[in-house]
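Read off the chains here:
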Amino acid sequence: MTDLEPLIYQGAFTSARSKLKSTCVAKAIPEGMPLYKRITANLVLASDTATTEDFQPLISSDGTLDASPASKWDLQRIPPALCVRSVTPEAAAALLSSGIQCLDLRSNPFLTAIPVQELCQIAGLIKLECADCPQLLSLPLEVAELGGADSMLFLREYVQDGANNEALALFLVGGGENGKTSVRYALMNETGNSALPIGKDTRTVGMDTEVWKTKDTVGRDLELHIKDVGGQDLYMHLHELFVLPRGVYLLVWRADSDAGKTRKETTTWLNLLQARVPGVTVLAVVTHVDRVSADTLQQQCALVKEAFEKWGAKQANSQNAPEIAVVRVLNSGESYPVNCLAGHGILELRSALLHAAEKTRGFREPLPKTWLALRRKLGKLRKTTKYMDLKDFTLLVKECGIPDNMLFAVTAFLHETLELRFFGLSLMRQQKEDFEAFLTVLLGGTRDSEHVEGARALFNRIDTDRSGAIDKKELRDFMQAAGLSPNDANVKVMMHSADDDGSGKIEFEEFCKRFDNARGAVKRDVLSCTVYLDANWMSDILKGVVRHDHTALHQCLQEEKRTGLMHQARRLRVQGIISSELLDNDLLWPGTPSSFFWCKVAHDSSQNYVYEKGLWDDGAGGLKKVVESAEDRKMAMGLLEGFKIVLSVSPARLDFFCPDLVPPHIKSTSNSVSLDAVLCEFYLVRTYKELPFGFWNILFMEIQSISTSGSASTYIQTHFQLSAKIHIMQTLDDGNVQIDVRASTASAFEVAKTAVAKVLKFYPGMTSWEVSRMDISAEDSSKIIEPAQ
């Protein structure tokens, strides 16, 4: 098939089809072979001379045109070069009278565009299968994952009375004090192209957000939601939580900084983006150009460009998963030089940014009027509301006319665009196939657990014939009433997940087991029933904890001679422990008028307090009201736990651990418990070219959240689940990073494997960095005699 690739790159699809046909004849390959038909379908869909006659032999008796690179009917994949990148309007027009009912484009990692208007004119087209097409721009991926029927309904609603998304994220990333905030101010100043000087004491803490309303290159509205992130190492993990695939990235570096330091920062940021949001667009920007000579600037830019090229070459050599897109550095890796104070270079940078925005996933994305209505309502609501119950959010979705089966898609879309944050998405995704997850979502609709329905009452609502057991029809009917639109496969898997005795029904005892687990999860986990609305509030919550400076707090406690609180503040700084005493005294976030610390910040004119006040300025000379009540405090800690920033380390939730606050010299010290003699014979080993910045911390938090004790250092983690042990080591192996996970029992090993899988899902780009993997075999596992518990 390789001889077809030059023709594809030239756009000669008709010639490619002729070549394909002659190749099949020469090799005696029947034209009815599924792989041949799927390749032909891809070539015809990409052609601007396609006819109805071209398609008719390719459409099956049930009306399906199968153009998926990975078909369920055979194990052969279509070579990447032969996959359709963009379905042409002419091909869609040719399908109009072809009798097509389903267009299957699934699992095409290179598909970027489909002609929405033309496809919606095909009255008989009821399914458009586009799941697992990560680069598709013409349909929200969250909708594509729902399946072909829902995707077609979504697009028909959009065509009837919808609009295109005008909003994108703009991230300014790079090292601390590189001038990111000045670049932001200069870009937004579209008349003067310059920014005022920024003092050292006003550098970004955490992340600042702002909306820039402008026009794209052809005069259409463009709303850029700017995320200006602090560059200190302390904040790197936070940035992993907020980066989005629907965004453009400005990587900002200083002309007068050390070249080695700049190259290291550049590589770190590219690795972070590749791990979390592979395929995004990056523009390099060099600031403070007035502080070096022209020759030095040229040399520095050349070195940074070389760093980009070396990084790109390394990605090309480690692409074990070619379907994962690589971060694209525009302008051939050349940096845009700017002097923000004088306004030099800003016009050129702004033009390049707007051109990049037009080609970024999310811009001009189709949205039905119901989704736009929901977004408008949320925009108004977040002015007065920080968070809401999932139940109330679900009612709001229904009020906007969005059908129940789209609840997950619209919530996931808003979550991925930072319009809101909902950490119950995984449960919501599982609820069609896992009975316990279904009950957890059902019971978790409100934060008031005292009003949760009892087990017997809920069981009787589902068991409509009062037989004492729930059968498939009753379960299906109840799921349908709950808005899940289940199919036979969903119901079968759901029943199997709760039918312990294999009777084909769910008896009350089996129901109670799942109900009790679900109710317990709801009581423990505020995240499964809370929708966070205000991104600025979320940023402020993070700012109150993960900071490079708590000087004003320490000064106040010394002046007030609050000895006990001084001890807790030192634990915060040295051990990363957040005591409930600091929380109960409202010392982390402003909002409570009675707090002695925030009164001091509001009225004292000494340097540290003035600096602290500037961080929380409400724009009217006062302090923001971030945490105003015990409920706010509960939601704040729930948010931090959801982000895996903090972890409760005491049964009564008196202390929380924040690994990001632990000083480097303490992190590098191994706790003696990590080296004890518990034998760990279950193992898995993964080796990667790179390891994302936050991987180690997130893996620790994921396992420790369900462990009874544990410890971590820079290279060793140990977790105990009662007496069962999980031991993890990070080592360098021939320039690669090896993660060695071992456990003393099969159950602990399952916990570790699940945690590793969850972390890898958080870093989708890591798949392409994998060098090798080794797992204990099932045979060897069965021979292990586990220690007595």
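Residues numbered from 1 in each chain as written. Predicted model: local features only at pLDDT ≥ 70, side-chain atom pairs only at ≥ 80, totals over all residues. Heavy atoms only, no water.

### With respect to the overall build of the chain
Each helix and strand in the chain was counted, giving 33 helices and 25 strands. When the 789 residues of the chain are sorted by exposure, 54% land in the buried category. At a minimum sequence separation of 6, the contacts of the chain that also span at least 24 residues come to 72%. As displayed, the chain has an accessible area near 34,200 Å², and 52% of this comes from carbon and sulfur atoms. (Helix = DSSP H or I, 4+ residues; strand = E, 2+ residues; numbered from the N terminus. Buried < 20%, exposed > 50% of the residue type's maximum accessible area, 1.4 Å probe, protein only. Contact = heavy atoms within 4.5 Å. Areas by Shrake-Rupley, 256 points an atom, 1.4 Å probe, with all protein chains shown as cover.)

### Brief notes about the packing of helix α23 (residues 535–545) against helix α29 (residues 630–642)
Across the interface, α23 lies against α29 with an axial gap of 10 Å and an inter-helix angle of 80 degrees. Classified by the angle between their axes, α23 and α29 sit roughly perpendicular to one another. Contact residues: Trp537, Met538, Ile541, Leu542 and Val545 in α23; Asp632, Met635, Ala636, Leu639 and Leu640 in α29. Across the contact of α23 with α29, the residue classes break down as 9 nonpolar, no polar and 1 charged. (Axes fitted to C-alpha atoms, helices over the stretch in contact; angles between N-to-C directions. Parallel < 35°, antiparallel > 145°, perpendicular 65-115°, else oblique. Nonpolar A, V, L, I, M, F, W, Y, C, P; charged D, E, K, R; others polar.)

### Regarding the sheet that holds strand β21 (residues 709–712)
In spatial order, the strands read β21-β22-β23-β24-β20-β25; together these 6 strands make up an open sheet with antiparallel pairing. Unpaired on one side and paired on the other, β21 and β25 (770–775) mark the two borders of the sheet. Neighbour-to-neighbour, the strand axes of the sheet open up by a mean angle of 10 degrees, direction not taken into account. In this sheet, β25 lies alongside strand β20 (residues 682–688) in antiparallel orientation, the contact comprising 5 bridges. Across the sheet, residue Tyr688 finds its bridge partner in β25, namely Glu770. In the packing of helix α32 (residues 746–762) onto the sheet, the strands contacted are β20, β22 (716–721), β23 (724–733) and β24 (736–743), and the crossing angle to β20 comes to about 20 degrees. (Pairing = 2+ DSSP bridges.)

### Looking at helix α11 (residues 259–276)
For α11, built from 18 residues, the straight-helix expectation of 26 Å at 1.5 Å per residue is met to within 8% by its first-to-last C-alpha distance of 26 Å. Among all positions in α11, only Thr262, Glu265, Thr266, Trp269, Leu270, Asn271, Leu272, Leu273, Gln274, Ala275 and Arg276 are buried. (Expected span 1.5 Å × (residues − 1).)

### Brief notes about the layout of surface pockets
For the second largest pocket, the calculated volume is near 940 Å³. Taken together, the elements giving at least two residues each to the lining of the second largest pocket come down to β4 (163–164), β5 (167–173), β6 (207–215), β7 (221–229), α14 (369–381) and α23. Here the lining of the second largest pocket takes 5 residues from α14, the largest share from any one element. Taken together, the residues of the lining of the second largest pocket break down into 11 nonpolar, 7 polar and 13 charged. (1 Å grid on protein atoms, 1.4 Å probe; cavity = no way out; pocket = protein on both sides within 12 Å on 5 of 7 lines; lining within 4 Å. Points joined across faces, edges and corners; volume = space filled by probe spheres on them.)

### Points about the packing of α14 against helix α15 (residues 390–399)
When two helices pack together, their arrangement is given by the angle between the helix axes and by the axis-to-axis distance. Two numbers describe how α14 lies on α15: the axes approach to 9 Å, and their chain directions differ by 135 degrees. In terms of their interaxial angle, α14 and α15 are classed as oblique. Crossing geometry of α14 relative to α15 is assigned as right-handed. Between α14 and α15, the contacting residues are Leu374, Lys377, Leu378 and Leu381 on the first element and Phe393, Leu396, Val397 and Glu399 on the second. Residue composition of the contact of α14 with α15, grouped by class: 6 nonpolar, no polar and 2 charged. (Left-handed = near helix turned anticlockwise from the far one by under 90°.)

### Details of the sheet that holds strand β1 (residues 64–66)
Strand order in the open sheet made by the 3 strands is β1-β2-β3, with parallel pairing throughout. Two strands close off the open sheet at either side, each with one partner strand: β1 and β3 (127–129). Looking at each pair of strands side by side, their axes are set apart by 5 degrees on average, direction ignored. Relative to β3, strand β2 (residues 102–104) is paired through 3 bridges, and the arrangement is parallel. Paired with Asp104 across the strands is Glu129, a residue of β3.

### Things to note about the nonpolar core
Membership of the largest hydrophobic core comes to 79 residues, with the highest contact counts inside it found for Trp537, Trp589, Phe597 and Ile645. A total of 6 residues in this core trace back to one element, the largest contributor, which is α23. Those residues in contact with Trp537, other than ones at most four positions away along the chain, are Lys386, Tyr387, Tyr532, Val626, Asp632, Met635, Ala636 and Leu639. If you look at the next biggest cluster of nonpolar residues, it comprises 66 residues, including Ala92, Leu119, Phe393 and Val441. (Core = buried A, V, L, I, M, F, W, Y, C linked by side-chain atoms within 4.5 Å.)

### Quick look at the packing of aromatic side chains
Inspection of every chain in the model, using the stated rule, returns 18 aromatic pairs. Both rings, one in Phe508 and one in Phe511, keep their centres 6.5 Å apart while their planes meet at 15 degrees; by these two values the pair is stacked. With Phe508 and Phe511 both in helix α22 (residues 508–524) and 3 residues apart, this pair spans about one turn of that helix. For Phe511, a relative accessible area of 0% corresponds to the buried category. The aromatic ring of Phe596 is capped on one face by Arg562, whose charged end is 4.0 Å from the ring centroid. (Phe/Tyr/Trp six-rings, centres within 6.5 Å; stacked < 30°, edge-to-face > 60°. Lys NZ or Arg CZ within 6 Å of the ring centre and 35° of its normal.)

### Description of helix α28 (residues 607–615)
Of the residues making up α28, those classed as buried are Tyr609, Tyr611, Glu612 and Leu615. Summarising the axial view, the buried residues of α28 lie within an arc of 160 degrees, below the 170-degree limit, and thus occupy one face. Away from its buried face, by an angle of more than 90 degrees, α28 presents the exposed residues Gln607 and Gly614. Next to the buried residues of α28 lie α23, α24 (551–559) and α27 (596–603). (Arc of directions from axis to C-beta.)

### Considering a positive patch on the surface
Together, Lys213, Arg376, Lys380 and Lys383 make up a region of like positive charge exposed at the surface. Of note, Lys213 is situated in strand β6. Classification of Lys213 as exposed rests on a relative accessible area of 65%. (Patch = residues over 30% accessible without salt bridge, like charges linked within 9 Å, V, L, I, M, F, W, Y side chains within 5 Å. Salt bridge = Lys/Arg side-chain N within 4 Å of Asp/Glu carboxyl O. Lys, Arg positive; Asp, Glu negative; His and termini not counted. Charge placed at Lys NZ, Arg CZ, Asp CG, Glu CD.)

### Quick notes on the environment of Lys505
Tracing the backbone through its elements, the reader meets Lys505 in the loop between α21 (488–498) and β15 (506–507). Among residues more than four places away in sequence, those in contact with Lys505 are Ala469, Ile470, Asp471, Met495, Asp499 and Glu510.

### A word on the confidence of the model for the chain
Confidence along the chain averages 85 in pLDDT terms, with 87% of residues attaining 70 or more. Confidence scores differ between elements of the chain, with helix α1 (residues 5–9) showing the lowest mean pLDDT of 59 and strand β11 (residues 336–337) the highest of 98. (pLDDT = per-residue confidence, 0-100.)

### So, the environment of Cys556
Relative to the assigned elements, Cys556 resides in helix α24. Spatially, the C-alpha atom of Cys556 lies 9.3 Å from that of Met566, the residues being 10 residues apart in sequence. In contact with Cys556, not counting residues within four places along its chain, are Phe596, Phe597, Lys600 and Tyr609.

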